[in-house]
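Residue strings, one per chain:
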Amino acid sequence: MPSRGAQLKERTQQYALLMRLDRPIGILLLLWPTLWALWIAAEGMPRIGVLLVFVLGVVLMRSAGCVINDYADRAIDPHVSRTRERPIASGRVEPNEALKLFAALCVAAFMLVLFMNSLTIMLSFVGVALAAIYPFTKRHTYLPQVFLGAAFGWAVPMAFAAQLGEVPQAAWLIFIATVLWATAYDTIYAMVDRDDDIKIGVKSTAILFGELDRVIIGVIQALLLLTLLVVGVQLKLGGFFYLGLLVATGLAVQQQRLIKNRDRDLCFKAFLDNNWFGMAIFVGLLLEYGI
């Protein structure tokens with residue numbers, strides 16, 4: 001019989017896998033728009049305490065989102081080749097364990113938010129609700145990617161609220177940009193699982209868009225870039241920001257090339273490349289406010 005220490009290590013490993021800590025791409029995709037918002041709200045100098053709370057909050061809430069997603073998909077994941085070895089699907093973590101872990105992560109994130117002002121605390125309730133609702137939307141709507149965008153984007157008004165005590169128009173423009181961005185990259189991600197999803201009755205924008213998937217993703221990417229351009233014009237940002245936006249545009253074009261033939265591996269690579277898209281915008285802001 002394994003020792004208590006060995007059992008604790010094994011449970012910790014399974015929980016880490018359930019939270020997808022071995023795959024940090026989700027943390028990064030949630031982190032970039034949060035950093036965009038903090039840098040713009042603080043004009044390049046966010047308070048250290050606010051920055052730490054939001055970085056830790058991103059890790060906790062993305063982890064919580066993964067846990068509740070796998071709980072919601074516990075009857076589906078065993079039938080999908082890419083997900084059948086996840087901890088709940090494979091039986092290594094019980095569903096009630098996952099719910100307790102989700103609650104613990106949300107409580108930890110909320111305790112961090114308590115260091116912020118009252119507006120940020122009130123907004124955090126919406127964030128938790130979006131994170132909890134999103135995994136179940138794929139059963140009732142073909143737009144779960146939009147709900148994911150709203151869940152990821154809600155960190156933006158929260159960041160402005162924490163830094164400024166208010167949520168100005170620019171915050172909502174960045175929120176819209178984040179929703180558009182997540183809808184685009186998660187549709188690309190859904191293209192990887194489209195055949196499996198159709199078989200088991202899971203809905204997604206990739207299924208909704210059908211043969212027009214590449215065209216509609218391109219339109220969404222164009223709207224995303226246009227929204228970010230409007231942010232730059234409205235805030236009177238300079239050349240470094242637009243240079244970052246130009247690099248991001250090139251990356252969006254590259255993603256279109258990767259998904260051209262709808263190859264599963266290339267679609268997944270296009271999804272992963274969105275990390276560089278988010279980084280390009282942030283580096284542009286970093287240079288804009290830092291030089």
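Quick notes on the rules
- Residues numbered from 1 in each chain as written.
- Predicted model: local features only at pLDDT ≥ 70, side-chain atom pairs only at ≥ 80, totals over all residues.
- Heavy atoms only, no water.
- UniProt positions renumbered as here; feature names shortened; annotations may be inferred.
- Phe/Tyr/Trp six-rings, centres within 6.5 Å; stacked < 30°, edge-to-face > 60°.
- Helix = DSSP H or I, 4+ residues; strand = E, 2+ residues; numbered from the N terminus.
- Buried < 20%, exposed > 50% of the residue type's maximum accessible area, 1.4 Å probe, protein only.
- Lys NZ or Arg CZ within 6 Å of the ring centre and 35° of its normal.

Looking at an unreviewed UniProt entry, the protein chain carries the name 4-hydroxybenzoate octaprenyltransferase, with the source organism given as Solemya pervernicosa gill symbiont. What UniProt records for the protein chain under Cofactor (unreviewed entry) is the sentence "Mg(2+)". UniProt, in the comment section headed Sequence similarities (unreviewed entry), describes the protein chain in these words: "Belongs to the UbiA prenyltransferase family."

Participant: Would you mind showing me how to read the packing of aromatic side chains here?
Facilitator: By convention here, two paired aromatic rings are described through the distance between centres and the angle between planes. Summed over all chains, the structure comprises 14 aromatic pairs. Relative to Phe-282, the ring of Trp-32 has its centre 5.7 Å away and its plane inclined at 35°; by these criteria the two rings are tilted. Taken together, the positions of Trp-32 in helix α2 (residues 25-41) and Phe-282 in helix α13 (residues 274-290) put the pair 250 residues apart, joining distant regions of the chain. Across the pair, Phe-282 and Trp-32 agree in class, each one buried. For the ring pair Trp-36 and Trp-181, a centre distance of 5.4 Å and an interplane angle of 25° mean the geometry is stacked. Taken together, the residues span a long stretch of sequence, with Trp-36 in helix α2 and Trp-181 in helix α8 (residues 169-200) at a distance of 145 residues. Taken as a pair, Trp-36 and Trp-181 share a single burial class, namely buried. When the ring centre of Tyr-71 is taken as reference, the NZ or CZ atom of Arg-74 above it lies at 4.1 Å.

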